[in-house]
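# Summary of the model geometry
This is what each chain is made of:
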Amino acid sequence: YWGFVAAAAVLGLASAIRLYVLRQHGGVLKLLVMGHLVMGIMSLVALAFLLPHHTLAPMETYFWPLMGSALFYMLGQLGFFIALRFTEASRTAPLLGLKVVMLALITTLFMDANLAGLQWTAVILAVLAAFAINFTGGAMPWQGSLAAVCACLPYSLSDLSIVKLVEALGGLGSWHTPLLAVSMCYTVCGVASLALLPWTGMGTRQDYKYVIPFSAFWFAAMVLLFACFAMIGAVYGNIVQSLRGLMTIVAGAHIAGMGLAHIEQRTSSRILVRRIAGAAMMILAIALYMIAGA
């Protein structure tokens, strides 16, 4: 289980890097394109080493899961990046906990999954925790809330596609398969980003000074995340992933304490305690879901 806990940790760190780049270096679309161009190059290098050692199934078995993983993810990223234009990462990231209820509904209504009563309790608790964290310290700008909520549906569809993609590529026998799945997914994202270059431009050397670290952290996080979803499924994986809410709260408090108000606004200790209490509810939701599935 350390793999998916590490995934949440790296995702939290990547969110902080992304927020810094976004606030300092241009618009949402420019960051999205530059970051995925870099990850596309990383993916091509990885594929050059991975493909000679992996026998792929026929393309029709993994083509649509691959397209769903990549293209729905790009739509979700765009929505999330827009949300970060209006509020701090420590308040935006917890809203992605709404993915949990979307995934639970999709898998129950359309994929014949049956969640136990205690698992539904965990799902509801995770959503309540997300709102408890969000609505502390004043109302969040409606533009940020709307963009984050709109990002949840394509993110959810991407998560479900990831599970199918890893299965189609041979299942989780080793770290080789999730790394291959991530590399294929971000090659597609890199190609999609190329089409947007006429609108964003290639960026400057100074831009890439910040984009490259973000891309490297995000790529590593995705390998862990793909492995996580393959091991425990998209619903439970997202409940566990909600731990990043706690991580971004702690990281945000530290960044604000350093005086970097352009990244994260300082909050009172009372508000910080409330947010940590909301994050603790997320942890309880994880425990309930795990107990129900044992």
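Residues numbered from 1 in each chain as written. Predicted model: local features only at pLDDT ≥ 70, side-chain atom pairs only at ≥ 80, totals over all residues. Heavy atoms only, no water.

To continue, consider the overall build of the chain. Within the chain one finds 13 helices and zero strands. Element order for the chain, N to C, with α for helix and β for strand: α-α-α-α-α-α-α-α-α-α-α-α-α. Burial analysis of the chain (294 residues in total) assigns 54% to the buried set. Looking at the chain alone, contacts between residues at least 24 apart form 88% of all its contacts between residues at least 6 apart. Put simply, the chain shows about 12,700 Å² of open surface, and 72% of that area lies on carbon and sulfur atoms. (Helix = DSSP H or I, 4+ residues; strand = E, 2+ residues; numbered from the N terminus. Buried < 20%, exposed > 50% of the residue type's maximum accessible area, 1.4 Å probe, protein only. Contact = heavy atoms within 4.5 Å. Areas by Shrake-Rupley, 256 points an atom, 1.4 Å probe, with all protein chains shown as cover.)

So, on to the packing of helix α5 (residues 98–110) against helix α7 (residues 142–168). Taken N-terminus to C-terminus, the directions of α5 and α7 make an angle of 50 degrees; their axes are 9 Å apart at the nearest point. With respect to α7, the element α5 is oriented oblique. Viewed along their axes, α5 and α7 form a crossing whose handedness is right-handed. Along the contact surface, α5 presents Leu98, Lys99, Met102, Leu103, Ile106 and Thr107, while α7 presents Val149, Cys152, Leu153, Tyr155, Ser156, Leu157, Asp159 and Leu160. Tallied by class, residues from the contact of α5 with α7 come to ten nonpolar, two polar and two charged. (Axes fitted to C-alpha atoms, helices over the stretch in contact; angles between N-to-C directions. Parallel < 35°, antiparallel > 145°, perpendicular 65-115°, else oblique. Left-handed = near helix turned anticlockwise from the far one by under 90°. Nonpolar A, V, L, I, M, F, W, Y, C, P; charged D, E, K, R; others polar.)

With that settled, consider the environment of Trp218. Examined against the element boundaries, Trp218 turns out to sit in helix α10 (residues 205–232). The spacing of Trp218 and Met39 is 179 residues in sequence and 8.6 Å in space, taken between C-alpha atoms. At a separation of 2.9 Å, a polar atom in the side chain of Trp218 contacts the side chain of Tyr73. (Polar contact = N/O pair within 3.5 Å; in protein donor to acceptor, adjacent residues only side chain to side chain.)

Residues Leu105, Leu109, Phe110 and Met111 make up a contiguous nonpolar surface patch of roughly 440 Å² in combined accessible area. Examined against the element boundaries, Phe110 turns out to sit in helix α5. (Patch = residues over 30% accessible without salt bridge, like charges linked within 9 Å, V, L, I, M, F, W, Y side chains within 5 Å. Salt bridge = Lys/Arg side-chain N within 4 Å of Asp/Glu carboxyl O.)

Evaluated as defined, the whole model comprises four aromatic pairs. With 5.0 Å between their ring centres and 80 degrees between their planes, Phe63 and Trp64 make a pair best called edge-to-face. By relative accessible area, Phe63 is classed as partly exposed at 31%. On the basis of relative accessible area, Trp64 is assigned to the exposed category, the value being 64%. Aromatic pair Phe214 and Trp218: ring centres 6.2 Å apart, planes at 45 degrees, arrangement tilted. In this pair, Phe214 and Trp218 are both assigned in helix α10, four residues apart and thus about one turn of the helix distant. As far as the burial class goes, Phe214 and Trp218 line up, both buried. These aromatic residues form a ring-pair network of at least three members: Tyr73, Tyr186 and Phe219. (Phe/Tyr/Trp six-rings, centres within 6.5 Å; stacked < 30°, edge-to-face > 60°.)

Counting buried residues along helix α11 (residues 234–241), eight of its eight residues qualify, which places the element largely inside the surrounding structure. Listed in full, the buried residues belonging to α11 are Ala234, Val235, Tyr236, Gly237, Asn238, Ile239, Val240 and Gln241.

What follows deals with the side chain of Thr107. Note that Thr107 resides in helix α5. Looking at Thr107, the relative accessible area reads 8%, which means it is buried. Among the polar contacts listed, one links the side chain of Thr107 to the backbone oxygen of Leu103, at a separation of 2.8 Å. A polar atom in the side chain of Thr107 sits 3.1 Å from the backbone oxygen of Ala104. The contact partners of Thr107, leaving out residues within four places of it in the chain, are Asp112, Ala113, Leu160 and Val235.

A word on the side chain of Ser183. Mapped onto the fold, Ser183 is located in helix α8 (residues 176–194). In contact with Ser183, not counting residues within four places along its chain, are Ser43, Ala46, Leu47, Leu50 and Phe219.

Moving on: α10. Its 28 residues place the ends of α10 40 Å apart at the C-alpha level, agreeing with the 40 Å of an ideal helix rising 1.5 Å per residue. Taking the largest bend as the criterion, α10 deviates by roughly 25 degrees, centred on Val211, and proline Pro213 comes between one and four positions later. Two residues or fewer after α10 comes Gly233, characterised by a positive phi angle close to 90 degrees. (Expected span 1.5 Å × (residues − 1). Bend = angle between axes of the 7 residues up to and from the residue.)

Glancing now at the packing of α5 against α11. At a closest axis distance of 9 Å, the pairing of α5 and α11 adopts a crossing angle of 170 degrees. Between α5 and α11, the interaxial angle falls into the category roughly antiparallel. Side by side, α5 and α11 meet where Lys99, Val100, Leu103, Ala104 and Thr107 of the first sit next to Ala234, Val235, Asn238, Ile239 and Gln241 of the second. Of the residues in the contact of α5 with α11, the class split is six nonpolar, three polar and one charged.

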